[in-house]
Amino acid sequence: MKIGIKFKLISFTALVLLLVISFLSILVLSGIKNYQNKEAESTLFKQKDMFEQYFSESSDAENNGINNKMQQSVRGSIFNKPWLRTIPASVYDTKGELLSGFKSNGKFNENKDKEEMIKVAIDGKVSYIKVNDVIYFYSPIKYRNDIVAILELEYSVKENGLFYNKIKNLFYGTGLMALILGILIGIIYFFNFTRDIYKMKNSIKSIQNGEFNKVEQVHRNDELGELSEGLLFMSNTIEKNIAELKVERDYLSMAVNKLEEMDKQQKEFIGNVTHEFKTPITTIKAYADLIGMYNNDLSLINEGSVNISKECDRLTSMVDSVLNLSALEKYDFEVIKSEVNIKEAFHDICERMMVKVRKNNLTMNYDIEDIVVTVDEENIRHIVINLIDNAIKYNKPGGNIEIRCYKNYDRIVLSVSDTGIGIKEEALGKIFQPFYRVESHRSRESGGVGLGLALVKSLVEKLNGTIEVESNINEGTTFSMEFPI
Ligand code: ADP
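Residues numbered from 1 in each chain as written. Predicted model: local features only at pLDDT ≥ 70, side-chain atom pairs only at ≥ 80, totals over all residues. Heavy atoms only, no water.

1. Focus: the UniProt feature "transmembrane region" (unreviewed entry) in the protein
Here comes step 1: In the UniProt entry, the feature "transmembrane region" (unreviewed entry) is given for residues 12-32 and 170-191.
Here comes step 2: End C-alpha atoms of residues 12-32 are separated by 30 Å, and the span's content is 100% helix alongside 0% strand.
Here comes step 3: Each end of residues 170-191 is marked by a C-alpha atom, and these two atoms are 31 Å apart; helix forms 100% of the span and strand 0%. (UniProt positions renumbered as here; feature names shortened; annotations may be inferred. Helix = DSSP H or I, 4+ residues; strand = E, 2+ residues; numbered from the N terminus.)

2. Structural notes on the pairing of strand β4 (residues 146-156)
Here comes step 1: Examined bridge by bridge, strand β1 (residues 89-92) and β4 share four bridges and lie antiparallel to one another. Paired with Val-91 across the two strands is Leu-151, which belongs to β4.
Here comes step 2: In this sheet, β4 lies alongside strand β3 (residues 134-143) in antiparallel orientation, the contact comprising ten bridges. Bridging from a neighbouring strand, Pro-140 pairs with Ile-150 of β4.
Here comes step 3: Following β3, the chain reverses through two residues before pairing antiparallel with β4; Arg-144 in that reversal takes a positive phi of roughly 45°. (Pairing = 2+ DSSP bridges.)

3. A closer look at the packing of helix α8 (residues 377-393) against helix α11 (residues 452-462)
Here comes step 1: α11 packs onto α8 with a crossing angle of 150° between their chain directions and a minimal axis gap of 10 Å. Of the possible angle classes, the one that applies to α8 and α11 is roughly antiparallel. At the point where α8 passes α11, the crossing takes the left-handed sense. Touching Asn-379, His-382, Ile-383, Asn-386, Leu-387 and Asn-390 of α8 are Gly-452, Leu-453, Leu-455, Val-456, Leu-459 and Val-460, all from α11. (Axes fitted to C-alpha atoms, helices over the stretch in contact; angles between N-to-C directions. Parallel < 35°, antiparallel > 145°, perpendicular 65-115°, else oblique. Left-handed = near helix turned anticlockwise from the far one by under 90°. Contact = heavy atoms within 4.5 Å.)

4. With respect to α11
Here comes step 1: Every buried residue of α11 is accounted for by Leu-453, Ala-454, Leu-455, Val-456, Ser-458, Leu-459 and Val-460.
Here comes step 2: Immediately downstream of α11, the backbone of Asn-464 shows phi near 60°, a positive value. (Buried < 20%, exposed > 50% of the residue type's maximum accessible area, 1.4 Å probe, protein only.)

5. Quick word on unusual backbone geometry
Here comes step 1: Of note in the backbone geometry, Asn-132 takes a positive phi value of approximately 50° without being a glycine.
Here comes step 2: Relative to the assigned elements, Asn-132 resides in the loop between β2 (127-131) and β3.
Here comes step 3: For Asn-132, a relative accessible area of 55% translates into the label exposed.
Here comes step 4: Positive phi, normally seen in glycine, also occurs at Asn-474, with a value near 65°.
Here comes step 5: Note on placement: Asn-474 falls in the loop between β10 (466-472) and β11 (476-484).

6. Section: the sheet that holds β11
Hydrogen bonding along the main chain pairs the strands of a sheet, whether they run parallel or antiparallel.
Here comes step 1: Taken in spatial order, the five strands of this open sheet run β6-β8-β9-β11-β10, and their pairing is mixed. In this open sheet, the two edge strands, each paired with only one partner strand, are β6 (363-368) and β10. The mean angle between the axes of side-by-side strands here comes to 10°, regardless of whether they run parallel or antiparallel.
Here comes step 2: Note that strand β8 (residues 400-408) and strand β9 (residues 411-418) share eight bridges and pair antiparallel. Residue pairing for β9: Asn-408 is matched across the bridge by Arg-411.
Here comes step 3: Each of β6, β8 and β9 is contacted by helix α7 (residues 342-359), which is oriented at about 175° to β6, the strand it contacts most.
Here comes step 4: Packed onto the sheet, α8 meets β6, β8, β9 and β11 and runs at close to 175° relative to β11.

7. Details of the packing of aromatic side chains
Here comes step 1: Applying the stated criterion across every chain yields a total of six aromatic pairs.
Here comes step 2: Each ring, one from Phe-45 and one from Phe-137, has its centre 5.3 Å from the other, and the planes form 85°; the classification is edge-to-face. Here Phe-137 lies in strand β3 and Phe-45 lies in helix α1 (residues 5-63), a separation of 92 residues in the sequence.
Here comes step 3: For Phe-45, a relative accessible area of 29% corresponds to the partly exposed category.
Here comes step 4: By relative accessible area, Phe-137 is classed as buried at 0%.
Here comes step 5: Members of the aromatic cluster, connected to one another through ring pairs, are Phe-45, Tyr-128 and Phe-137.
Here comes step 6: Above the ring of Phe-191, the side-chain terminus of Lys-6 is found at 4.3 Å from the ring centroid.
Here comes step 7: The aromatic ring of Tyr-164 is capped on one face by Lys-33, whose charged end is 4.0 Å from the ring centroid. (Phe/Tyr/Trp six-rings, centres within 6.5 Å; stacked < 30°, edge-to-face > 60°. Lys NZ or Arg CZ within 6 Å of the ring centre and 35° of its normal.)

8. Regarding empty space enclosed by the protein
Here comes step 1: Counted under the stated rule, the structure contains one cavity of 30 Å³ or more.
Here comes step 2: When its volume is computed, the largest cavity comes out at roughly 40 Å³.
Here comes step 3: Contributing to the lining of the largest cavity are Val-340, Ile-342, Ala-345, Phe-346, Ile-349, Glu-377, Ile-380 and Arg-381.
Here comes step 4: Its residues placed into classes, the lining of the largest cavity shows six nonpolar, no polar and two charged. (1 Å grid on protein atoms, 1.4 Å probe; cavity = no way out; pocket = protein on both sides within 12 Å on 5 of 7 lines; lining within 4 Å. Points joined across faces, edges and corners; volume = space filled by probe spheres on them. Nonpolar A, V, L, I, M, F, W, Y, C, P; charged D, E, K, R; others polar.)

9. Some remarks on the pattern of salt bridges
Here comes step 1: For the coordinates displayed, the defined rule picks out 18 salt bridges.
Here comes step 2: Here Asp-196 makes a salt bridge to Arg-220, at a shortest N to O gap of 2.7 Å. Remark: Arg-220 occurs in the loop between α4 (158-208) and α5 (223-293) and Asp-196 occurs in helix α4; sequence separation between them is 24 residues.
Here comes step 3: Overall, the relative accessible area of 8% leaves Asp-196 in the buried class. (Salt bridge = Lys/Arg side-chain N within 4 Å of Asp/Glu carboxyl O.)

In structure tokens, the structure reads:
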């Protein structure tokens, strides 16, 4: 059975108090008793000495010629001396007979051993006995070394007894009160004391359960306070370590996910590259075989040379894009920053693209803030050209393209919007993947291979920027970017 610390401490205090009080009571009471006994003994012996002295004096008078009768009256007169009668006394002769005139009072003698004790006194020894509240004292009275009489004293110690009992009761009363008070104070103190211990016990439980915010500090100026401080420190350290471990674990799992994702993308990329390269090669091979078989067919030769040239252009553009992309991923190209007048740079790009815009029966507006910022101009150009190219390819006849660029604190905000065919929602998350095309037919027709946006994203990331896309089917698409300057 488990006994709580509170109960143990209170029981221990009560036991110690009880022992101390009992020990003190016994010590003091036995001291009082001893003192009283010694006092009584000394009083009785003094009384006996006085008797002996007066007996000697009276006997000396007898020997100087006083007869027996006179002798008795002398004794009587001595005995009647008031100061000798403070303690009731009787005098016996050496045969144990009460001498007349020496009976002090008529009080009943309760000592049953009286005869025996008188005999002991006749033998020359002093003896006394306590019966009820009276000490019966027997002593020989000597005259010139002879025992001439026996003295019996009846010394009442009733007062002593009453005093002793009073003190005893006082001790019991105050002892009990001290015990109760001590236990009460102990209970209050130990309740406070153990409350703090229980607080710490609960704190340990909270640490075990990982509820670090529930760990309470006990404010005390002693070892318990230090212990509680240590506990809090330990809890904070464990919490910190766990948090760090969690962060590391999250990083690790993120890294693992990224690796898995990259592995998947790489596999897809290789699969796509193979597929995309095979298509033009198959066409070229087919035309080459046909021309070989029908080398007189001029129209076939013409058609073949046009298509072979077209597919070769396509292959060249694909090889360029793939090489660009893999180089961007693999090598950490230096970002060459320079002071660029954004308005001038964009004006140049847009004017160059304007020919293609008009050719496709489209319009293009640009709103560029007149600012000079430090950026990698070449990268920005690539990004904007790719996005305008897409805005032309996936637009609708008579559609519009809008370009905006301005400075927002320490960032450049750039957007390219079109009023084209839009991108369906489920495709929005995939358009930045290499070789992904929403409508492969339309993309192929316009010479796209699905690498433009992958390249754009890589370039944006190289510039520590972000890119987002918003699109509504048949309404248009907006690509928004932000770059730190
Ligand atoms: P592609 O060479 O096919 O244009 P991109 O990587 O540039 O490849 O684009 C990927 C796909 O995203 C495109 O095939 C097209 O379906 C879609 N897309 C890109 N830009 C636009 C746009 N402005 N409007 C609609 N669809 C777009």
